[in-house]
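These are the residues of each chain, in order.
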Amino acid sequence: MKAQTESRKKDHVELVLSRGAQAARGPGLDRWDFIHDALPEISLDKVDLSAKFLGRRINYPMMITAITGGYDDAGTINRRLAQAAESYGIAFGVGSQRAMIENPPLARTYRVRDVAPHIPVVANIGAYQLKKYSARQIDSLVSSIEADALAVHLNPLQEVIQPEGDTDYSGVLDAIRKTCERLSVPVIAKETGAGMSQEAALKLKDAGVKWLDVAGAGGTSWSTVEYLRAGAEAVPGFDDWGIPTAESIILCRGVLPMIASGGLRSGIDCAKALALGADMCGAAYPFLKALHTKSLDQTIDIWQKQMRVCAFLTGSRNVAELKKAKMRFI
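Remember, it's a predicted structure, so these values are computed and weren't measured experimentally. (Residues numbered from 1 in each chain as written. Predicted model: local features only at pLDDT ≥ 70, side-chain atom pairs only at ≥ 80, totals over all residues. Heavy atoms only, no water.)

Participant: What exactly am I supposed to notice about the overall build of the protein here?
Facilitator: Scanning the protein for helices and strands turns up 14 helices and twelve strands. Dimensions of the protein, computed from C-alpha atoms along their principal axes, come out at roughly 60 × 45 × 40 Å. Within the span of the protein, comprising 330 residues, buried residues form 58% of the whole. Counting only contacts in the protein whose residues sit at least 6 apart along the sequence, the fraction spanning at least 24 positions is 79%. Accessible surface, the protein as shown: approximately 14000 Å² in total, 50% of it carbon and sulfur. Distance between charge centroids for the protein: 3 Å, based on 40 positive and 37 negative side chains. (Helix = DSSP H or I, 4+ residues; strand = E, 2+ residues; numbered from the N terminus. Buried < 20%, exposed > 50% of the residue type's maximum accessible area, 1.4 Å probe, protein only. Contact = heavy atoms within 4.5 Å. Areas by Shrake-Rupley, 256 points an atom, 1.4 Å probe, with all protein chains shown as cover. Lys, Arg positive; Asp, Glu negative; His and termini not counted. Charge placed at Lys NZ, Arg CZ, Asp CG, Glu CD.)

Right, here's the structure in full:
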């Protein structure tokens with residue numbers, strides 16, 4: 001089981017980098033445009049998109065969301081991404097820490113606090129694993145990497161396509177509730193590319209979850225990744241299953257503070273997500289790809305400049321005003 005988990009983590013990163021595995025349909029953000037303000041009456045130099053997230057101040061409401069961990073090369077990936085996040089003042093999340101429970105020495109592949117001392121760092125575990133592991137083990141995921149929150153990822157689509165997937169999702173909500181009650185840091189409920197409905201969001205709120213990451217359809221398709229791994233063994237037809245990100249944002253806005261991820265590919269997408277109802281925006285694949293092509297700093301810099309220009313062109317001085325910027329559906 002230990003070797004299987006480590007091998008799977010490595011397969012996932014390599015397949016995403018080599019094959020893309022992106023959803024055929026996008027996240028739906030291209031169907032929304034800002035209404036241009038020809039008289040913004042502000043200075044670009046005065047635009048301040050800083051925000052507070054998990055008790056820490058960040059320069060932009062952006063996050064490099066969960067990517068990897070649990071095998072040797074993953075440690076290098078996490079540290080480089082976290083170091084860039086620290087440099088640009090944005091949040092960072094590690095991938096599923098299941099591997100370090102199964103093989104404790106792998107905890108080193110998730111530890112980034114020494115290179116990211118000031119930014120929010122988010123730990124990660126699958127919702128199914130909450131039923132399997134003790135409260136002490138779950139707490140150790142957070143404490144061992146000095147994280148500010150725990151993301152509990154919801155991935156029933158990936159699990160049901162994955163040959164070795166965990167497909168008994170009964171009791172998951174109760175396990176989330178117990179984790180929220182026992183853990184000393186906030187719990188973020190995070191989908192993994194299939195989106196979140198309002199009904200699910202309300203149940204998670206009732207369970208004690210403090211943040212949602214809707215992670216809608218339109219970006220990396222984890223069912224496609226598993227198809228690439230499993231071939232003919234998997235049940236076909238679910239490559240593009242899920243709620244597109246834009247729709248999921250609208251469905252879940254107002255329920256809990258929200259991170260929007262799933263197919264965001266620019267700072268303009270981030271700004272749109274905020275205007276649609278999100279409080280933070282996140283992405284994984286674009287930053288993993290940029291790290292691979294040695295363009296990570298340039299990519300983050302462009303995203304942040306794009307967000308500032310969107311704010312300027314809608315007359316928005318800060319995040320609160322950008323969230324109120326007028327949009328049109330096209």
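Text resumes after the structure shown.
Participant: When you look at the packing of helix α2 (residues 72–88) against helix α13 (residues 296–313) in this model, what are you seeing that I'm missing?
Facilitator: Two packed helices can be described by the angle between their axes and the distance between those axes. The interhelical angle for the contact between α2 and α13, taken along N-to-C directions, is 40°, at an axis separation of 11 Å. It follows from the interaxial angle that α2 and α13 lie oblique. Two packed elements cross with a definite hand, and for α2 against α13 that hand is right-handed. Counted together, R80, L81, A84 and Y88 of α2 and L296, D297, I300, D301 and Q304 of α13 form the full contact between these two elements. Residue composition of the contact of α2 with α13, grouped by class: five nonpolar, one polar and three charged. (Axes fitted to C-alpha atoms, helices over the stretch in contact; angles between N-to-C directions. Parallel < 35°, antiparallel > 145°, perpendicular 65-115°, else oblique. Left-handed = near helix turned anticlockwise from the far one by under 90°. Nonpolar A, V, L, I, M, F, W, Y, C, P; charged D, E, K, R; others polar.)

Participant: Help me understand the packing of aromatic side chains in this model?
Facilitator: Working definition: an aromatic ring pair is given by the centre-to-centre distance plus the angle between the planes. Evaluated as defined, the whole model comprises four aromatic pairs. Summarising the aromatic geometry, the rings of F53 and W211 are spaced 4.9 Å apart at their centres and angled 80° between planes, so their arrangement reads as edge-to-face. A residue pair is termed long-range when its members are at least 10 positions apart, and F53 in strand β2 (residues 51–53) and W211 in strand β9 (residues 211–213) qualify at 158 residues. F53 sits in the buried class, given a relative accessible area of 0%. Taking relative accessible area as the criterion, W211 reaches 13% and is therefore assigned buried. (Phe/Tyr/Trp six-rings, centres within 6.5 Å; stacked < 30°, edge-to-face > 60°.)

Participant: Could you clarify how one ought to interpret empty space enclosed by the protein in this entry?
Facilitator: Take a probe with the size of a water molecule and roll it over the atoms, and the empty space left behind shows itself. Under the defined criterion, the tally for this structure stands at three cavities of 30 Å³ or more. Considering only enclosed or pocket space, the largest cavity measures out at about 700 Å³ in volume. As for the largest cavity, its lining consists of 39 residues, of which A66, I67, Q158, T192 and W222 are closest to the centre. Taken together, the elements giving at least two residues each to the lining of the largest cavity come down to α1 (2–19), α6 (156–161), β8 (187–191), β11 (280–283) and α12 (285–292). If one sorts the elements of the lining of the largest cavity by residue count, α1 sits on top with five residues. Along the lines of polarity and charge, the residues of the lining of the largest cavity split into eleven nonpolar, 21 polar and seven charged. Around the second largest cavity, the lining is made up of 18 residues, and of these L157, G193, A194, W222 and W241 lie nearest the centre. Among the elements of the structure, α6 and α9 (222–230) are those that each provide at least two residues to the lining of the second largest cavity. The residue makeup of the lining of the second largest cavity, split by class, is six nonpolar, nine polar and three charged. (1 Å grid on protein atoms, 1.4 Å probe; cavity = no way out; pocket = protein on both sides within 12 Å on 5 of 7 lines; lining within 4 Å. Points joined across faces, edges and corners; volume = space filled by probe spheres on them.)

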